[in-house]
Amino acid sequence: ASTHDGDSLIMFHPNNDRTRPTVYASIQYIYRLPGRSWQFAVKRQLAGSSVQQPDPYSEWPDFPARTYSARLSTNLETVEIDWVAGHYASWEISQEEAVVVALYKVTFRAS
């Protein structure tokens, strides 16, 4: 996030539980402990009480945008690389609200 906020935005499955929805977060630090794989310290994108209900973007299921708070949590959380589902884009539409759009990770195989 300190280099470029937009490049730090990820969606992940907490504890790699893929039965639950992904969570939006911003990478604050990247680190590696001895004998472990690389990990991220992230702050989650907050839902916030000011977010409109129902979400105006839920009307278009093929467009994966959602309204969230423009703020991030103050708590740091550890995320392992394998938990990451992809990136997301965020656009602040006011000081209180942001629109987030999922940018899913796609893998191509050479034929």
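Reference entry: report on the structure contained in this document. Note that this is a predicted model, so its numbers are computed, not measured.

This part is about the environment of Val100. Relative to the helices and strands, Val100 resides in strand S7 (residues 97–104). On a C-alpha basis, the gap between Val100 and Leu9 in space is 9.9 Å, while along the polypeptide they are 91 residues apart. Residues in contact with Val100, not counting those within four places in the same chain, are Tyr24, Gln45, Pro64, Ala65, Arg66, Tyr68, Tyr88, Ala89 and Ser90.

Taken in spatial order, the 7 strands make up an open sheet running S4-S7-S6-S1-S2-S3-S5, and their pairing is antiparallel. In this open sheet, the two strands that pair with only one neighbour each are strand S4 (65–69) and strand S5 (77–80). On average, adjacent strands in this sheet sit at an angle of 45 degrees to one another, irrespective of strand direction. As paired elements, strand S6 (residues 84–92) and S7 share 7 bridges and run antiparallel to each other. The residue of S7 that forms the bridge with Tyr88 is Ala102.

A regular strand carries its side chains on alternate faces of the sheet. Bridging between strand S1 (residues 9–12) and strand S2 (residues 23–32) involves 4 bridges; their strand directions are antiparallel. Paired with Leu9 across the two strands is Ser26, which belongs to S2. Of the pairings in the sheet, the one linking S2 to strand S3 (residues 38–44) comprises 7 bridges and is antiparallel in character. Looking at S3, one finds that Tyr31 is bridged to Gln39. Where S2 folds back onto S3 in an antiparallel hairpin, the turn is made up of 5 residues, including Gly35, whose phi is positive at roughly 75 degrees.

Reading guide: rules and limits
- Residues numbered from 1 in each chain as written.
- Predicted model: local features only at pLDDT ≥ 70, side-chain atom pairs only at ≥ 80, totals over all residues.
- Heavy atoms only, no water.
- Helix = DSSP H or I, 4+ residues; strand = E, 2+ residues; numbered from the N terminus.
- Contact = heavy atoms within 4.5 Å.
- Pairing = 2+ DSSP bridges.
- Axes fitted to C-alpha atoms, helices over the stretch in contact; angles between N-to-C directions.

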